Structure formats: structure tokens, C-alpha cells
Protein chains: 2
Amino acid sequence: MLPIERRKYIMDKLNLNGSVKVEELAKEMNVTPMTVRRDLDKLEAEDLLKRTHGGAVLSTSLYFEEEYDVKKEKNIEIKKKIAQSASELIKGPSTIFLDAGTTTYELANILKNRNDLVIITGDLKIASLLYRTENEVHFLGGKLEKKTGAVLSVEWNTFIERINIDYAFLGGSAITNQYYLTTPTFEKAKLKSKLIELADKSVLLVDESKFGVKSLVKIAHIKDFDVIITNKVFNNEFMKELKEKGVEVRLIGG
Amino acid sequence: MLPIERRKYIMDKLNLNGSVKVEELAKEMNVTPMTVRRDLDKLEAEDLLKRTHGGAVLSTSLYFEEEYDVKKEKNIEIKKKIAQSASELIKGPSTIFLDAGTTTYELANILKNRNDLVIITGDLKIASLLYRTENEVHFLGGKLEKKTGAVLSVEWNTFIERINIDYAFLGGSAITNQYYLTTPTFEKAKLKSKLIELADKSVLLVDESKFGVKSLVKIAHIKDFDVIITNKVFNNEFMKELKEKGVEVRLIGG
DNA sequence: CCGTATTTGTTCATTTTTGTTTATTAATAT
DNA sequence: ATATTAATAAACAAAAATGAACAAATACGG
């Protein structure tokens, strides 16, 4: 068996099972474990797999291991700062909308100590976090998204229209290079643009990582917001444009 | 099984069930409890779960609190038996409504292992428990009750009317000596009687402690239900009456 | 064919993982 | 409350996997 064949064999097995063991491969290919290890090292150098003790796994199937998680943690710090800044906008008793997402979850985490808010949300985790607090919490019904615990229903629009919302805090998962906020579904886009329209102040909470990403449906241009809280640094020209439009940009350091 | 696979197995099980036990995992993965504990410690260090005595729960504080809350309940053993009996009613793929309450929470706990249900509920804890499962979960929106995490909205009626519900599982907090199911608010009463009317089968889940208690608004007489699951022993005369009405009574021993 | 480069195997010290034992701690019932 | 049971953490031992160094085998170009 040629070295190339061995490596193909390893990758095939890996793709089939999600993981491989050194000892097993050694027996199957009639080589010593040392050779298998060297093969795995080479394949790892090519980013085709991730080595572990005793074997290897597909680099995609280790959704919880350190690299990914450290990265996630780093963003949490930024998100907390963005959330902190957002919370400072809400001076007195207010009715606010909290979009689904991790940044708004952090905001909810700060707001749970208050007692003068009416909070409307469609995020199950946010609702669970807040319902015991002194604030009044309204949950928008609908089908629960399995991955996120967020709900969305076509009936929201009529409900939303009847309420006076002081602040709508929206998160964003994808902002194009032309600074359009985008989202995967029409329903979500419709709701969010309605919120921007109806709320006294619409606030966009986005960390740097969301820029330059594209999703299917346009919600609005980010200059349609009243406030943008982010750690992304815009160029001078765009900043001037935002200022002319009356958009307040709060830049988070870190 | 590679260490990394073990940890993935643990996280998968955790995401499905909300909690895991050391002993169980040890048996399932053929390792000693000590190894499981070390795995759990590692995962906790990555903030993916929260350790407890004998196991672990998801770090999203939710489950931790819920389990704790439920444990405090008095008649939990009876409720589990009632829930078990109720679950046996649901043979194939069905659309069901789960009322808010601890008995229905126990039912949800059993149903989370299924994958052929559409579940409609207005109970935050039940929704949180079920939304990750293979079932489709719809949450009814509204203002969240601080004490219970249940929601209720005037708009439910129109929503409910448009859905075909196979089974409506209702709990009861107060059943008068004349066997009327009662509840504190008109809104709840209205919704529940509508559910009894609309569902193919309406099922009442009540333990003994709920009888002889009176609340403000009448929902229905218990003989309006199709099935009653309880550990309360009725006198012969009333049993005869129920039988004539075509009500199935499932008596839970213990 | 020879000499060189590459690959593979072997040995062994080191590291990692797992199991075992035991004292301590936490949960439970009495 | 206290006793009892179960779960845990710590320390140690055993097993498994690893990586480094070196030797042997193989491939390859001249």
C-alpha cells in the first residue's frame, strides 16, 4: 500500500465514521502505529483532520474544543461591552424590544436587575432569564427554532403595531460590504424592518465579526438605525455620512 | 471510544435531555465513573455544562433552576405516574396541547424522547425543555406570569381555533366538590373550555390534592372530558355517571 | 550499480489517560 | 439534629499512547 493510498484510506474512513483510531488503522493497513501517527500528523498539517489521543477526528466534528471556544469567549467580552453600552441608553421606565441572539442575551443579563421595564422578546432564553424579575415580560409566540430557541410567527406584525416601543434592540448576523443588514428569512426581515420603523429609537448591536457577511434578505441599511453600537471602525467618509443622517455611533474599544 | 468522542457523546446527551448522570454515562460508555467525572470537569472548564452531584446539567442556567423547582413539588411521584399514563394515550404522530403546570411538565419530560409530535404550549419551562428535541414546538405568546412562567394572551383563541388538536392535556389546580374544574381568571377559563371543545380528545390530569378546592371561574365539569387520569377514588355512583357519559377514568395506584 | 533521500520500523523515555484505593464531602433518611 | 449512604476528590499505580532517536528497508537519480 502506497503512502498516498494509506492517507486516502484514512480520510475515507474518517469521512465515513467521523473518527479513526491509530491501532485500528495500523492493523487494517499492516503498518506500525508509528507510521499511522506520521500519516495523521501530515494530514493534520493539511488541516484535513484533528489529532487526538489514540486517533483523530474530523476537524468539523469537534464543535466544542478549545480553539473554537476561545474564539467564542473573546467575542463574549466584546458583546458584554456592547450590551453594557446599550443598557445605558435606557434611562427611565421604558418599553423595549429585545431581538433574539447572544448580544441581546447579554443585554438582558444586565437588565434583569432593573424593575421599570416592559420587555418584549421572541427569544426563549431571554424570556427564561427575565420572567422572574421585577420587569414585565411579554413573549411573542410561534414555532420554536430548534437550534436557537427563537420563535417567529406571521402574526407578530399585527401585535407589534399596536404597541409603543421606546427602544428596539436588534442584533445582526450579517452586514454586507454595502452596509445592509441581512437575514436568512423573509419573515425575520419583515419583522425587523417594522421594528426599526415603529420604535422610537432603533438600536443595532453588532460586533466586528458580523461585517462583510452576506445573508439572503435585506432588512435595512444600517444608517436607518438611530444608534449603532459596535467595535467596528468605519472609515471617515462613511462616518460623516452616518452623522449627516443623524445616526449615533457608539464605538466600543477592546 | 476516543476521549473526544466520549465528550461529544456527553454533550449530545446533555443537549437532548438537559441533564446527565455519572453512573449512567459510565455504563453507556464502558468506562469508570472517575473517567466520566474527569470528562465532565473538562467540559465544565469549557463552560459547556455545569456539574452537579451525580451528574451535570446544561450551563444555560435554565435547566438547573427548573430541576430544582420541580424537585420541590410535593406529589411528584404521583404526578410522574399520571404523566406516564397520559403519555401512553398518544400512540402515533399527533398534535397535542400541553397546559401549564407541574404534571404536564412531567408529561413533557417523557415526551422529549419522541420525534413524531407537534406540541403546543404556553408554559415557558415546558417549551424550554422541549425545543431541542425532534418534535415541533409552538409557543403561545403573551405576558409571562412571574411566578409560574406561563403565558396567556387574549389572542390565543383565534390561534387555537385554526389548529387541529388531537390531544389536549389539561392540568387542574382546583376541582370543587361538585366536580367542576375551576381557575382564577376568566381568560384561562375561556381558553381551557375552548380546548376541551376543540380537541379530539381532552385529557384531565389531576392528583388527589386538587379535589375539594375552589377557585373563581368555572371551566367545565370534569365529565366533559374524554379521559381523566387521577389517583383520586370516586364513589360508585359518580363512576357510573362518568361511564354513562363515555368518560374514561384511569386510576393511578400508589 | 552506487550513493542519497525518503520512508518505515524499533526501542525507549516521557506524557497522557485510565483505573483503584481511600479519605473527605455532600445528600438522604431517620 | 445524627446516622447512613452515596458521590467526590486526591493520590497513587497501571496501562496506553506518544515522540524522539536511531537503524533498517526501500525508492530513485545518476
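Residues numbered from 1 in each chain as written. Chains lettered and ligands numbered in written order. Predicted model: local features only at pLDDT ≥ 70, side-chain atom pairs only at ≥ 80, totals over all residues. Heavy atoms only, no water.

### A look at the overall build of chain A
Then, number 1: Helix and strand counts for chain A come out as nine helices and 15 strands.
Then, number 2: Computed over C-alpha atoms, the radius of gyration of chain A comes to 24 Å, more than 25% over the 18 Å expected from 2.2 N^0.38 for 254 residues, which places it beyond the range of a compact globule.
Then, number 3: In terms of overall dimensions, chain A has C-alpha extents of about 75 × 45 × 30 Å along its principal axes.
Then, number 4: Per-residue burial over chain A gives 49% buried out of 254 residues. (Helix = DSSP H or I, 4+ residues; strand = E, 2+ residues; numbered from the N terminus. Rg over C-alpha atoms; globule rule 2.2 N^0.38 Å. Buried < 20%, exposed > 50% of the residue type's maximum accessible area, 1.4 Å probe, protein only.)

### Re the interface of chain B and chain A
Then, number 1: Counting residues at the interface gives 42 residues for chain B and 41 residues for chain A.
Then, number 2: At the junction of chain B with chain A, the criterion picks out six residue pairs in polar contact (both at pLDDT 80 or more).
Then, number 3: Only α1 (3-17), α4 (62-72), α7 (124-130), β6 (136-139) and β7 (142-144) of chain B provide two or more residues apiece to the side of chain B that touches chain A.
Then, number 4: Top contributing element to the side of chain B that touches chain A by residue count: α1(B), with eight residues.
Then, number 5: When grouped by side-chain class, the residues that make up the side of chain B that touches chain A number 16 nonpolar, eight polar and 18 charged. (Contact = heavy atoms within 4.5 Å. Polar contact = N/O pair within 3.5 Å; in protein donor to acceptor, adjacent residues only side chain to side chain. Nonpolar A, V, L, I, M, F, W, Y, C, P; charged D, E, K, R; others polar.)

### Regarding the nonpolar core
Then, number 1: The biggest cluster of nonpolar side chains holds 121 residues, and the ones touching the most others in it are Phe97(A), Leu98(A), Phe169(A), Phe97(B), Leu98(B) and Phe169(B).
Then, number 2: Phe169(A) has contacts with Ala86(A), Leu89(A), Ile90(A), Ile96(A), Phe97(A), Leu98(A), Asp99(A), Thr104(A), Leu107(A), Val203(A) and Leu205(A), leaving out every residue within four places of it along the chain. (Core = buried A, V, L, I, M, F, W, Y, C linked by side-chain atoms within 4.5 Å.)

### Brief notes about the protein's contact with DNA strand C
Then, number 1: As a structural note, the neighbourhood of DNA strand C is formed by 16 residues, with Thr35(A), Arg38(A), Arg6(B), Thr35(B) and Arg38(B) the closest of them.
Then, number 2: Sugar and phosphate atoms constitute 66% of the interface atoms of DNA strand C, taking the interface as everything within 4 Å of the protein.
Then, number 3: Those elements that place two or more of their residues in the surface near DNA strand C are α1 (3-17) and α3 (33-45) of chain A together with α1 and α3 (33-45) of chain B.
Then, number 4: Residue composition of the surface near DNA strand C, grouped by class: six nonpolar, six polar and four charged. (Near = heavy atom within 4 Å.)

### Concerning the protein's contact with DNA strand D
Then, number 1: As a structural note, the neighbourhood of DNA strand D is formed by 17 residues, with Arg37(A), Arg51(A), Gly54(A), Arg51(B) and Gly54(B) the closest of them.
Then, number 2: When the atoms of DNA strand D within 4 Å of the protein are sorted by group, sugar and phosphate make up 70%.
Then, number 3: The contact in question runs from a phosphate oxygen of DNA strand D to an N or O atom on the side chain of Arg51(A), over 2.6 Å.
Then, number 4: Contact between DNA strand D and Arg37(B): a phosphate oxygen at 3.1 Å from a side-chain N or O atom of the residue.
Then, number 5: Listing elements by their share of the surface near DNA strand D, those giving two or more residues are α2 (22-29), α3 and β2 (50-52) of chain A together with α3 and β2 (49-52) of chain B.
Then, number 6: A per-class count over the surface near DNA strand D returns four nonpolar, eight polar and five charged.

### Points about α1(B)
Residues and elements named next belong to chain B.
Then, number 1: Taking 1.5 Å of rise per residue, the 15 residues of α1 would be expected to cover 21 Å, and the 21 Å separating its terminal C-alpha atoms lies within 8% of that figure.
Then, number 2: All buried positions along α1 are accounted for by Ile4, Arg6, Arg7, Ile10, Met11, Lys13, Leu14 and Asn17.
Then, number 3: A positive phi of about 85° marks Gly18, the residue just after α1. (Expected span 1.5 Å × (residues − 1).)

### Re the pairing of strand β14 (residues 227-230) of chain A
Along any regular strand the residues' side chains alternate between the sheet's two faces.
Residues and elements named next belong to chain A.
Then, number 1: The two faces of β14 match: Val227 and Ile229 on one face and Ile228 and Thr230 on the other face are all buried.
Then, number 2: As defined by bridge partners, strand β12 (residues 201-206) adjoins β14 across four bridges and the pair is classed as parallel. Paired with Leu204 across the strands is Ile228, a residue of β14.
Then, number 3: Looking at chain direction, β14 and strand β15 (residues 248-251) are connected through four bridges and run parallel. Among the inter-strand pairings, Thr230 is bridged to a residue of β15, identified as Leu251.
Then, number 4: Viewed along the sheet, the connection from β14 through helix α9 (residues 236-244) into β15 turns out right-handed. (Pairing = 2+ DSSP bridges. Right-handed = clockwise from strand over helix to strand, strands pointing away.)

### Considerations on the pairing of strand β4 (residues 94-98) of chain B
Residues and elements named next belong to chain B.
Then, number 1: Of all five residues making up β4, five are buried, and the element is well covered by its neighbours.
Then, number 2: The side-chain alternation of β4 yields two buried faces, one formed by Ser94, Ile96 and Leu98 and the other by Thr95 and Phe97.
Then, number 3: Bridge count for β4 against strand β5 (residues 117-121) is five bridges, and the pairing is parallel. Counted as the bridge partner of Ser94 is Leu117 from β5.
Then, number 4: Between the parallel pair β4 and β5, the chain is carried across by helix α6 (residues 102-111), and the sense of this crossover is right-handed.

### Some details on the pattern of salt bridges
Then, number 1: Scanning the entire structure with this criterion turns up 22 salt bridges over all chains.
Then, number 2: Between Arg6(A) and Asp39(A) there is a salt bridge, with its nearest N and O atoms 2.6 Å apart. Of this pair, Arg6(A) sits in helix α1 while Asp39(A) sits in helix α3, placing them 33 residues apart in sequence. Each of the two residues, Arg6(A) as well as Asp39(A), counts as buried.
Then, number 3: Between Arg7(B) and Asp39(B) there is a salt bridge whose closest N-O contact spans 3.0 Å. Of the two residues, Arg7(B) is situated in helix α1 and Asp39(B) in helix α3; the sequence distance between them amounts to 32 residues. Asp39(B) carries the same exposure label as Arg7(B), and that label is buried.
Then, number 4: Salt bridges linked by common partners bring Arg6(A), Arg7(A) and Asp39(A) together as one network. (Salt bridge = Lys/Arg side-chain N within 4 Å of Asp/Glu carboxyl O.)

### As for the environment of Pro33(A)
Residues and elements named next belong to chain A.
Then, number 1: Looking at where Pro33 falls in the secondary structure, it is placed in helix α3.
Then, number 2: Classification of Pro33 by relative accessible area gives partly exposed; the value is 23%.
Then, number 3: Those residues within four positions of Pro33 in sequence are excluded, and the remaining contacts are Val22, Glu23 and Ala26.

### Things to note about the sheet that holds strand β13 (residues 217-221) of chain B
Residue and element names in this part refer to chain B.
Then, number 1: Ordered by their spatial adjacency, three strands build an open sheet running β10-β11-β13, and the pairing between neighbours is antiparallel. Each end of this open sheet is capped by a strand with a single partner; those strands are β10 (174-175) and β13.
Then, number 2: Running at roughly 15° to β13, helix α9 (residues 186-198) makes contact with β11 (180-183) and β13 of the sheet. (Axes fitted to C-alpha atoms, helices over the stretch in contact; angles between N-to-C directions.)

### Some thoughts on the packing of α2(A) against α3(A)
All names here are of chain A.
Then, number 1: Relative to each other, α2 and α3 sit at 110°, their axes nearing to 8 Å. On the basis of their axis angle, the class for α2 and α3 is roughly perpendicular. In this structure, the crossing between α2 and α3 has a hand that is right-handed. In this structure, α2 uses Val22, Glu23, Leu25, Ala26 and Met29 to contact α3, whose residues at the interface are Pro33, Val36, Arg37 and Leu40. (Parallel < 35°, antiparallel > 145°, perpendicular 65-115°, else oblique. Left-handed = near helix turned anticlockwise from the far one by under 90°.)

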